[in-house]
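# Summary of the model geometry
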Amino acid sequence: GNSVTQMEGPVTLSEEAFLTINCTYTATGYPSLFWYVQYPGEGLQLLLKATKADDKGSNKGFEATYRKETTSFHLEKGSVQVSDSAVYFCALSDQGNQGGKLIFGQGTELSVKP
Amino acid sequence: DTAVSQTPKYLVTQMGNDKSIKCEQNLGHDTMYWYKQDSKKFLKIMFSYNNKELIINETVPNRFSPKSPDKAHLNLHINSLELGDSAVYFCASSQEPSGSGEQYFGPGTRLTVT
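Residues numbered from 1 in each chain as written. Chains lettered and ligands numbered in written order. Predicted model: local features only at pLDDT ≥ 70, side-chain atom pairs only at ≥ 80, totals over all residues. Heavy atoms only, no water.

## Quick notes on the sheet that holds strand β7 (residues 64–70) of chain B
Residues and elements named next belong to chain B. So the rule is basically this: Here a strand pair is declared whenever DSSP counts at least two bridges between the two strands. Secondary structure elements are defined from DSSP: runs of H or I of at least 4 residues count as helices, runs of E of at least 2 residues count as strands, and each element is numbered from the N terminus. Comment: axis = line fitted to C-alpha atoms, over the contacting stretch for helices; angle = value between 0 and 180 degrees taken between N-to-C directions.
Here we have four strands laid out as an open sheet, ordered β1-β3-β8-β7, and antiparallel in their pairing. The open sheet terminates on both sides in strands that have one partner only, identified here as β1 (4–7) and β7. Averaged over all pairs of adjacent strands, the angle between strand axes in this sheet comes to 20 degrees, irrespective of strand direction. Of the strand pairs in this sheet, strand β3 (residues 19–25) and strand β8 (residues 73–78) are connected by four bridges, and their pairing is antiparallel.

## Quick look at the interface of chain A and chain B
Counted only if it meets this: Whether two residues are in contact is decided by their heavy atoms, any of which lying within 4.5 Å being enough. Accessible area, probed at 1.4 Å, shrinks when two parts are joined; the buried area is that loss added up over both. Criterion for a salt bridge: a side-chain nitrogen of Lys or Arg within 4 Å of a carboxyl oxygen of Asp or Glu. Definition of a polar contact: a pair of N or O atoms within 3.5 Å, with one able to donate and the other able to accept a hydrogen when the atoms are protein atoms, and with sequence-neighbouring residues admitted only if both atoms are side-chain atoms.
Counting residues at the interface gives 23 residues for chain A and 23 residues for chain B. Between chain A and chain B lies a buried interface of about 1,800 Å² when both sides are counted; carbon and sulfur atoms form 55% of it. The three residues of chain A that bury the most area against chain B are Leu44, Lys101 and Phe104 of chain A, which together make up 27% of that side's buried surface. Between chain A and chain B we count one salt bridge in total. The interface formed by chain A and chain B includes three residue pairs in polar contact (both at pLDDT 80 or more).

## Quick word on the state of the cysteines
Linking two cysteines covalently through their sulfur atoms gives a disulfide. Residue and element names in this part refer to chain A. For the record, the criterion: Criterion for a disulfide: a pair of cysteine sulfur atoms at a distance within 2.5 Å. Only protein chains enter the accessibility calculation, which uses a 1.4 Å probe. A residue is then buried if its area is under 20% of the maximum for its type, exposed if over 50%, and partly exposed in between.
This structure, assessed with the given rule, holds two disulfides over all chains. For cysteine 23, the disulfide goes to cysteine 90, at an S-S distance of 2.0 Å. On the S-S bond that ties cysteine 23 to cysteine 90, the torsion sits near -70 degrees, and the link is left-handed. Pair noted here: cysteine 23 is in strand β4 (residues 23–26) and cysteine 90 is in strand β10 (residues 86–95), with a separation of 67 residues, a long-range link. The pair formed by cysteine 23 and cysteine 90 is uniform in burial state, with each residue classed as buried.

## Quick notes on the pairing of strand β6 (residues 53–57) of chain B
Where strand β5 (residues 43–50) of chain B meets β6 of chain B, four bridges bridge the pair, whose relative direction is antiparallel. Pairing of tyrosine 49 of chain B across the sheet is with leucine 54 of chain B, part of β6 of chain B.

## Comments concerning the nonpolar core
Filter applied, for reference: In these notes, a set of buried Ala, Val, Leu, Ile, Met, Phe, Trp, Tyr and Cys residues joined through side-chain atoms within 4.5 Å is what counts as a nonpolar core.
The biggest cluster of nonpolar side chains holds 27 residues, and the ones touching the most others in it are Trp35, Leu47, Leu48, Phe73, Leu75 and Tyr88 of chain A. Looking at this core, the elements that each hand over two or more residues are β2 (11–14), β3 (19–21), β4, β5 (33–38), β6 (44–50), β8 (62–65), β10 and β12 (108–113) of chain A. In terms of residues, this core owes the most to one element, β10 of chain A, which gives four residues. If we ignore the near neighbours within four places in the chain, the residues touching tyrosine 88 of chain A are Gln6, Ile21, Trp35, Tyr36, Val37, Leu47, Phe62, Leu75, Gly107, Thr108 and Leu110 of chain A. Of all hydrophobic cores here, the second largest spans 20 residues; its members include Trp34, Phe47, Leu76 and Cys91 of chain B.

## What about unusual backbone geometry?
Residues glycine 9 of chain A and proline 10 of chain A are joined by a peptide bond in cis, for which omega reads -5 degrees. Its place among the elements puts proline 10 of chain A in the loop between β1 (3–6) and β2. The backbone of lysine 41 of chain B sits at a positive phi, close to 75 degrees, despite the residue not being glycine. Mapped onto the secondary structure, lysine 41 of chain B falls in the loop between β4 (31–37) and β5. At lysine 52 of chain B, a residue that is not glycine, the phi angle is positive and equals roughly 75 degrees. Summarising the element assignment, lysine 52 of chain B is placed in the loop between β5 and β6.

## Side note on the sheet that holds strand β7 (residues 56–59) of chain A
Residue and element names in this part refer to chain A. As summarised here, the arrangement of the four strands in space is β3-β9-β8-β7, forming an open sheet in which the pairing is antiparallel. Edge positions in the open sheet fall to β3 and β7, since each of these has one partner strand only. Ignoring which end each strand starts from, the neighbouring axes of this sheet average 15 degrees apart. Pairing of β3 with strand β9 (residues 75–77), which is carried by three bridges, proceeds in the antiparallel orientation. Bridging from a neighbouring strand, isoleucine 21 pairs with leucine 75 of β9.

This is the structure in structure tokens:
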């Protein structure tokens, strides 16, 4: 079945450091890919998405490119801030016969120190 | 205005009890979901409803029964609670059932079974 694998956390960075969180997927067909972010004590929010190969999603300085050849959707940010501390989830859309659902990776906790 | 709301935010109860969690969305979406997040932050879909009709049931024990009185509400009733049911439960909604669009999540309900 379809699945998503993320790099394990926690990831601890200093403010203004470069961030990469790796995400690879296994899927049949052509799923849409997502990054969701969960701030402490809150629900998930969509950070960015890409719906086809070579698409780049971007938002709030974060970027990820849909790479079909490497089945990857790595999240990057050039300069992280303390406010970026959160758990980041990579996900893909899994379209079944009757409806779709999101399949999530295990989440990567990011902690940014001043 | 809260887009997706859940009540209660915290729920502490004893094994064997029956409890309900309520979810409401004011986004006008046709599709709603329940996800379970375990202690390791892993998220897994439980159910999906489209226009009050069940479309996804991910082999969840039949002690869990979702009910959708109308498109804006999706409640989750749990019978005979077990220790393993302790988790955070998230409700979500989306405009379309395919899974390829953005899902909007509620703040979560932390269920603790003692």
